[in-house]
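# Fold and contact review
The lines below spell out each chain.
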Amino acid sequence: MGRSTKPARRRPARRDDGRRRIRFTGSGEVSSTIFLILRRMRAPLIVLITIFAVSVLGLSLIPGRDAAGHATRMGFFDAFYFMSYTATTIGYGEIPQPFTGAQRLWVMATIYLTVVGWAYAIGSLLTLLQDRAFRQAMALRRFTRTVSRLREPFLLIVGYGETGRLLGRSLDSLGRRFVVLDASAERVDALDVDQYHADVPGLAADAGNPRTIGLAGLEHPRCEGVLALTDDDEVNLVVTMTAALVRPELPVIARTVSPTIAHRMRAFGSPAVVNPFDRFGDHLRLALRAPASYQLMTWLESGPGAGLPAAGRAPTTGRWVVCGHGRFGHELTEDLRAEGLAVTVIDARPDAGAEPAMIVGDASAPEVMARADLENAVGLVAGTDNDTTNLSLVAAGRKVNPALFIAARQNRPASAPLFAAMEVDWLLVPTEVLAREIYAQLSTPLLWRFLREMPARGDDWAAHLVDRLRQHCGTHLGTVWKVALTGHEAPALGSWLRAGDARLGDLVRSPLDRSRPLAAVPLLLLRGSESMLAPGDDVRLAPADQILFAGRPSARRSLVDTMTNDAVSAYVLRGMSVPSGWLWQRVTGRVPRIG
Amino acid sequence: MSLEKVIFGFFVLLAATLNFGFFIGDLSDPSLHNVYELFAAIVVSLIATVLKFGDRTQIGAVHLATSLVADLQLIAAALVWAYATQISSAGLDGQAMASVVSLSGGALLANLVSVVLLVVETVSFHRR
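Now for a quick tour of the structure. Values in this document were obtained by computation on a predicted structure and should not be read as measured data. (Residues numbered from 1 in each chain as written. Chains lettered and ligands numbered in written order. Predicted model: local features only at pLDDT ≥ 70, side-chain atom pairs only at ≥ 80, totals over all residues.)

### Focus: the sheet that holds strand E16 (residues 520-527) of chain A
Residues and elements named next belong to chain A. For the record, the criterion: A pair of strands counts as paired when DSSP detects no fewer than two bridges linking them. Put simply, DSSP marks the helices as runs of H or I at least four residues long and the strands as runs of E at least two long, and each gets a number from the N terminus on. Interaxial angle, 0 to 180 degrees, is taken between N-to-C directions of lines fitted to C-alpha atoms, where a helix line uses only the stretch in contact. The contact criterion used here is simple: two residues whose C-beta atoms, placed from the backbone, lie within 7 Å are in contact.
Across the sheet, which stays open at both edges, the four strands sit in the order E15-E18-E16-E17 with antiparallel pairing between neighbours. Two strands close off the open sheet at either side, each with one partner strand: strand E15 (479-484) and strand E17 (530-533). In this sheet, neighbouring strand axes are inclined to one another by 20° on average, regardless of whether the strands run parallel or antiparallel. As paired elements, E16 and strand E18 (residues 546-551) share six bridges and run antiparallel to each other. Bridge assignment links Leu526 to a residue of E18, and that residue is Gln546. Of the strands in this sheet, E15, E16 and E18 are in contact with helix H21 (residues 553-564), which crosses E15 at around 10°.

Written out as structure tokens, the structure reads:
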């Protein structure tokens, strides 16, 4: 395992060697919307002012007649008052005296003028509100404000395709916050449909633009990591570069299917580059060698609530037929050969790669199928990048040889029900592999460490652990969490840990009935830099140990109670029933020792 | 020559000249200050303000600020005038006229700053 991935290492910021920290975003972004409105409203406002001025001036110049019949002029005040209610179509009537014919003539003209003026101004304002550029500006402004107001650590996910969505779901159920940036507005709109517990700000903009990445929160002090998950390797490279140059200390996880791009990414800092096809090969080898280890790994990587994956044993002797020799097929073929299996490759393109036993032709055509001699093969991999082709390959292969072990690659999430109906032995979904891999790296460093060290323990060990997990948690994985036995996180365990006889089995007991164990399985014990996989009940704990548990959420809450509440820990660890209230502690004289 | 600049300069200058015309003369003598001139000054000043909307440069921002000051002063002057003629029992006496004119005098100062800014802008970007 771990051929292509390196753990995300933190690098100190390079500010001392004369490199200035670059900033992409300024304060100018925010006020641009107001300027846009003001600029577009210039003409309507001027028209409105002019119409008003002309009307009022005319009305104050045209002679009228007072109650006694003397010629008089309307003052500016009365004229403005009259125009104000006339122009806004309220209309109180003629004041202070009934108008003369000349005044009525003028008022008639101004009524039409002012109505046109208002209609023009209001119409312009409404058009502006409907304007696409204006709405985009508003959306950007809202997004920038939401991101800048985030007060919790968050991850920046660039590319919200299938991988991003799967990962988002797992991260959300862990209670992690994230911000999404994607070029497609549809995918960002899907954020509203995917029901997350936390509010997820999303921006539809060009992810290959460093300024956009900056706006999406790269420069935010609470940004704790960047995930470049777009389909476009070039964009992922830009994201990796930007993150490394702007925030060198941030961990970056980048997806790529090209070794060249992976190499270029590593030139910038130390991003964790994940190549789904490459990871596939690693998984495949593990699955061939140790099915139970593979089963355990897949289960733990699937995140909270995942069902126990089926334990299918792939044939380890015989000849495999791999259809499709793209990057995926190539990687797979190499890994199968490395396991000592014979492989026949079929690809439609003659230039797909130098391959000794390659059959050129459309794999679903009967004569090509016949040349591959499926009757005498043990396994078939339908690994082209077209789901329809893969499905027909599976059907055709089954027809020729029903005993075949069939692995199929699913490219689009929409095809999932079809592949499920085909009941292939082994479904390979690149997006899921990627999402699980990144989830394992992000959820807790201990899980990642466990998964890397676990294959070395052998298949029987893994099968035993899977059994234990199933006994404790059922067929659906609960949560995977880490506890640290420090004074901060476990204040109620201090004296027990220091006494030197702290058995792990005594800690994982139910606070309701200490004869019953909690539904939690310790996966890994980390002491300093030494780790112990699946520690047993008799393992002695020491202060500052870190333990990775898998189990039901209720077990996690019980464990937190034991670790933090002195009365609970006194019962669970020593069987003493201590009053938890201050008054009864004083009355009975039984006070749990703090620390 | 850009028509936009011509119109802009025209309104800025006209606002200042009208304002000056209303302001000049004995402060408290109503017969020396024509109310139509005040009306014209207000309208032109409002138009000049709208013309300055949406300019994101530093000098544009100061332009807008001076215009807003002038508008405020002129509208205050108009309100005082309306109060004196319509509401006050004393009518438009020397005291009321003095406060109207002095308020417009403040607007005149703001308008003069506007003109200075216009000149500064013209001198420093004459090649545009």
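There is more to say after this.
### Structural notes on the sheet that holds strand E5 (residues 202-204) of chain A
Residue and element names in this part refer to chain A. Spatial ordering of the open sheet is given by E5-E4-E3-E6-E7-E8, a layout of six strands whose pairing is parallel. For this open sheet the edge positions go to E5 and strand E8 (272-274), each flanked by a neighbour on one side alone. Between one strand axis and the next, the sheet turns through 15° on average, direction left out of account. Two strands pair when backbone bridges link them, and strand E4 (residues 177-182) and E5 are joined in this way by three bridges, in the parallel orientation. Of the residues in E5, the one forming a bridge with Val180 is Gly202. Where helix H8 (residues 233-246) meets the sheet, its contacts fall on strand E3 (154-158), strand E6 (223-228) and strand E7 (252-255), and the angle it forms with E7 comes to roughly 165°.

### Describing the nonpolar core
Residue and element names in this part refer to chain A. Put simply, the rule is: One nonpolar core equals one set of buried Ala, Val, Leu, Ile, Met, Phe, Trp, Tyr and Cys residues connected by C-beta atoms within 7 Å. With C-beta atoms placed from the backbone, the exposure class of a residue follows from how many other C-beta atoms lie within 10 Å of its own: 20 or more, buried; 12 or fewer, exposed; in between, partly exposed.
Within the largest apolar cluster, 140 residues are counted, with the highest numbers of intra-cluster contacts made by Leu156, Ile157, Val158, Leu181, Val226, Leu227 and Ala550. At seven residues, helix H16 (residues 430-443) tops the list of elements feeding residues into this core. Not counting chain neighbours up to four residues away, the residues in contact with Leu181 comprise Leu156, Val158, Leu203, Ala205, Ala207, Thr212, Ile213 and Ala216.

### Points about unusual backbone geometry
Most peptide bonds are trans, and most residues other than glycine sit at a negative phi. All names here are of chain A. Of note, the phi angle at Glu423 is positive, near 50°, even though the residue is not glycine. If you trace the backbone, Glu423 turns up in the loop between helix H15 (416-422) and strand E14 (426-428). Positive phi values are uncommon outside glycine, yet Ala544 reaches one of about 75°. With respect to the helices and strands, Ala544 occurs in the loop between E17 and E18. With 14 C-beta atoms counted inside 10 Å, the residue Ala544 sits in the partly exposed group.

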